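A look at the structure
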Amino acid sequence: GPPSGGGGEAGAIKKLHRGKEYDYVIDVDVADGAPPLKLALNRDDNPYLVADAFMAEHDLPTTYKDQIVQFILANTSLKQAGPSLDDIPITGGAFDPFTGGAPAPKPTFHHAPQSVYLVFDNLPPVDKLTAKVREFSAALQAEPSTSSLSLTADESNQLEPLLQGAVAQATKAATTTTTAGGGGSGGGQLEPLAQLLGSKLLRWPPAQIFPVLDIVRLMLLSEDGQLKLLSQHQLMGSLSAEAPGTVAAALKAASESTTAPPAAQQLGCRVAVNAFKHPQPRQWAVGERSGLLDTLAGAASSSNKAVRTGYATLLLNYVVASRQLKGELAHDEAKLQLLSGLVEVLSNCPTDDLDTLFRGLAATATLLVGDKALAALAKELGVQDVLRRVNESPEAKSPQGRRVLEAALDVAAALEGKQ
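Some points on the overall build of the chain
Broken down by element type, the chain carries 17 helices and 5 strands. By residue count, 53% of the 419 residues in the chain fall in the buried class. When contacts within the chain are restricted to residue pairs at least 6 apart in sequence, those whose partners lie at least 24 apart make up 67%. Summed over its atoms, the accessible surface of the chain is roughly 17,600 Å², and 51% of this surface lies on carbon and sulfur atoms.

Next comes the structure, spelled out in structure tokens:
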């Protein structure tokens, strides 16, 4: 039968449930003759996410949802959050479930579907990037096995103006619309920089590769830079081919090496993310999707926030591409890889990492919208455990965490089949 019961009004003393303290622990009767189920929550929990997690935990039919929400509101102080909840969808209806009371706009989703590719367009300080490349070049020069990869005196002297040209091109790309092949100010420096990448820099060992990857990330921001990397020098390469001196080979070596610092993994993710800015490298990223995500998969469980955010952003861009480009990305195998990666990064993400959580949840909601089979698989993979953890976290209840909670509601709505 439908849920019934009671006995949960909170006083000054917290109630213990499964080793954790809650403001409320309510008995919920869901079947005649069966012992009641315990529903634990706190005053500032979102009743919609609590209901979702409770139904998932006890394998209850989704038709119970509105009754469970009403039951929560009737047996806790949360009943002051708004008027009757009859027929109110998870993301709001006659009132805003976050603030209550006043009528509010009624979008099905807050942050889904996502439709814009994100990039990491921060510009590195040229003096510091130059110094790091020269420092690593000197270290390679000191070792006979790598001395041939070090910069000559002329190359070292030219490096700073070359990087200044790359920054100028990236800055121009951020403020103007360029046409294919348009060089403009700074374009002349990108040709010798691309040559240097192919002949030496992209061949550097994993321990020294991260400033090189930052140069590639920078070049992918500008029209002329990405053309140099792809059309004229074919420097992006393929993860399925052994081709030293390519971006793909550098990413693979850095990801598989135990000597590469976290910065290499972080910048590897950012290179892949920035490949989505322009159509041609975007096609490269789509074609390399399976190998690229497998190569960078360790980022999903990284203890480094910047690494996790980079990987979540890459998954988000692939999800956006799957809706816009269709093709191979619309196949079940591609969707499963994206979903598995998203659940992995969200499951390993601390609740205070709001950027990664938001991007991962928004990507998950976008991926699941309109796909009932994939939504069912997401439940099997444990995405509802992620939603419960977000709902119980103090960070998601802060003003800064509101969009994270909204994105979690979007995922819950997509799981219910809303479009």
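Following the structure, the description resumes.
Quick notes on the side chain of Asn75
Relative to the elements of secondary structure, Asn75 occurs in helix α2 (residues 65-75). Residue Asn75 is classed as buried on the basis of its relative accessible area, which comes to 17%.

Quick notes on the pairing of strand β5 (residues 37-41)
Among the 5 residues that make up β5, 4 are buried, leaving the element largely enclosed by the rest of the structure. Here strand β4 (residues 24-29) pairs with β5 via 5 bridges, running antiparallel. Note on β5: the bridge partner recorded for Val25 is Ala40.

Section: the packing of helix α13 (residues 332-348) against helix α14 (residues 354-368)
Running from amino to carboxyl end, α13 crosses α14 at an angle of 150°, the nearest separation of the two axes being 10 Å. As far as their axial angle goes, α14 and α13 are roughly antiparallel. Once α13 is placed against α14, the crossing between them reads as left-handed. Facing Lys335, Leu338, Leu339, Leu342, Val345 and Leu346 of α13, the residues of α14 in contact are Thr356, Leu357, Gly360, Leu361, Ala363, Thr364, Leu367 and Leu368. When the residues that make up the contact of α13 with α14 are grouped by side-chain class, the tally is 10 nonpolar, 3 polar and 1 charged.

A look at helix α12 (residues 305-324)
The end-to-end C-alpha separation of α12 is 29 Å, in line with the 28 Å expected for 20 residues at 1.5 Å each. For α12, the tally of buried residues reaches 16 of 20 residues, placing the bulk of the element in the interior. The backbone nitrogen of Ala306 has a side-chain oxygen 2.9 Å away, supplied by the residue at the start of α12, namely Asn304. At the exit of α12 stands Lys326, carrying a positive phi of roughly 55°.

Description of the pattern of salt bridges
Summed over all chains, the structure comprises 17 salt bridges. For Asp224, the salt bridge identified is with Lys228, shortest N-O distance 3.2 Å. Pair noted here: Asp224 and Lys228 are both in helix α7 (residues 223-232), with a separation of 4 residues, about one helical turn. Here Asp224 matches Lys228 in class, with each residue buried. Here Glu328 ties to Arg289 by a salt bridge, and the two come within 2.0 Å at their closest N and O atoms. Note that Glu328 is positioned in the loop between α12 and α13 and Arg289 in helix α11 (residues 289-295), a separation of 39 residues in sequence. Owing to a relative accessible area of 2%, Arg289 belongs among the buried residues under this scheme. Through salt bridges with shared partners, a single network forms among Lys305, Arg308, Asp353, Asp355 and Arg403.

Notes on unusual backbone geometry
The linkage connecting Ala112 with the following residue, Pro113, adopts the cis geometry, with an omega of 0°. Following the sequence through the fold, Pro113 ends up in the loop between α2 and α3 (126-141).

Some words on the nonpolar core
Core analysis: the largest hydrophobic core is formed by 128 residues, its most contacted members being Leu197 and Leu361. For this core, the element with the most residues is helix α17 (residues 402-415), which contributes 10 residues. Ignoring anything within four residues of it in the chain, the contact list for Leu197 reads Leu202, Val212, Ile215, Val216, Met219, Leu229, Leu235 and Gly245.

So, the environment of Leu316
Residue placement: Leu316 occurs in helix α12. For Leu316, a relative accessible area of 2% puts it in the buried group. Considering only alpha carbons, one finds Leu316 and Gln114, 202 residues apart in sequence, at a separation of 8.1 Å. Dropping the residues within four chain positions of it, Leu316 is found in contact with Gln114, Leu118, Arg359 and Ala363.

A look at the confidence of the model for the chain
Per-chain confidence: the chain averages 84 in pLDDT, with 85% of residues scoring 70 or above. Confidence over residues 7-11 falls short of pLDDT 50; this stretch has 17 contacts with residues more than four positions distant or in other chains. For residues 80-105, every residue scores under 50 in pLDDT, and the model assigns this stretch 62 contacts once sequence neighbours within four places are set aside.

Overview of the packing of aromatic side chains
This model, assessed by the stated rule, comprises 3 aromatic pairs. Relative to Phe210, the ring of Phe136 lies with its centre 5.5 Å away and its plane at 85°, an arrangement referred to as edge-to-face. One end of the pair, Phe136, is in helix α3; the other, Phe210, is in helix α6 (residues 210-219), with 74 residues separating them in the sequence. Taken as a pair, Phe136 and Phe210 share a single burial class, namely buried. Consider the rings of Phe276 and Tyr318, whose centres lie 5.0 Å apart with planes at 85°: the pair is edge-to-face. Here the residue Phe276 occupies a position in the loop between α9 (262-274) and α10 (279-287), and Tyr318 occupies one in helix α12, the gap between them amounting to 42 residues. No difference in accessibility class separates Phe276 from Tyr318, as the two residues are buried. Ring pairs connect the aromatic residues Tyr117, Phe276 and Tyr318, which therefore count as one cluster.

Parameters and conventions
- Residues numbered from 1 in each chain as written.
- Predicted model: local features only at pLDDT ≥ 70, side-chain atom pairs only at ≥ 80, totals over all residues.
- Heavy atoms only, no water.
- Helix = DSSP H or I, 4+ residues; strand = E, 2+ residues; numbered from the N terminus.
- Buried < 20%, exposed > 50% of the residue type's maximum accessible area, 1.4 Å probe, protein only.
- Contact = heavy atoms within 4.5 Å.
- Areas by Shrake-Rupley, 256 points an atom, 1.4 Å probe, with all protein chains shown as cover.
- Pairing = 2+ DSSP bridges.
- Axes fitted to C-alpha atoms, helices over the stretch in contact; angles between N-to-C directions.
- Parallel < 35°, antiparallel > 145°, perpendicular 65-115°, else oblique.
- Left-handed = near helix turned anticlockwise from the far one by under 90°.
- Nonpolar A, V, L, I, M, F, W, Y, C, P; charged D, E, K, R; others polar.
- Expected span 1.5 Å × (residues − 1).
- Polar contact = N/O pair within 3.5 Å; in protein donor to acceptor, adjacent residues only side chain to side chain.
- Salt bridge = Lys/Arg side-chain N within 4 Å of Asp/Glu carboxyl O.
- Core = buried A, V, L, I, M, F, W, Y, C linked by side-chain atoms within 4.5 Å.
- pLDDT = per-residue confidence, 0-100.
- Phe/Tyr/Trp six-rings, centres within 6.5 Å; stacked < 30°, edge-to-face > 60°.

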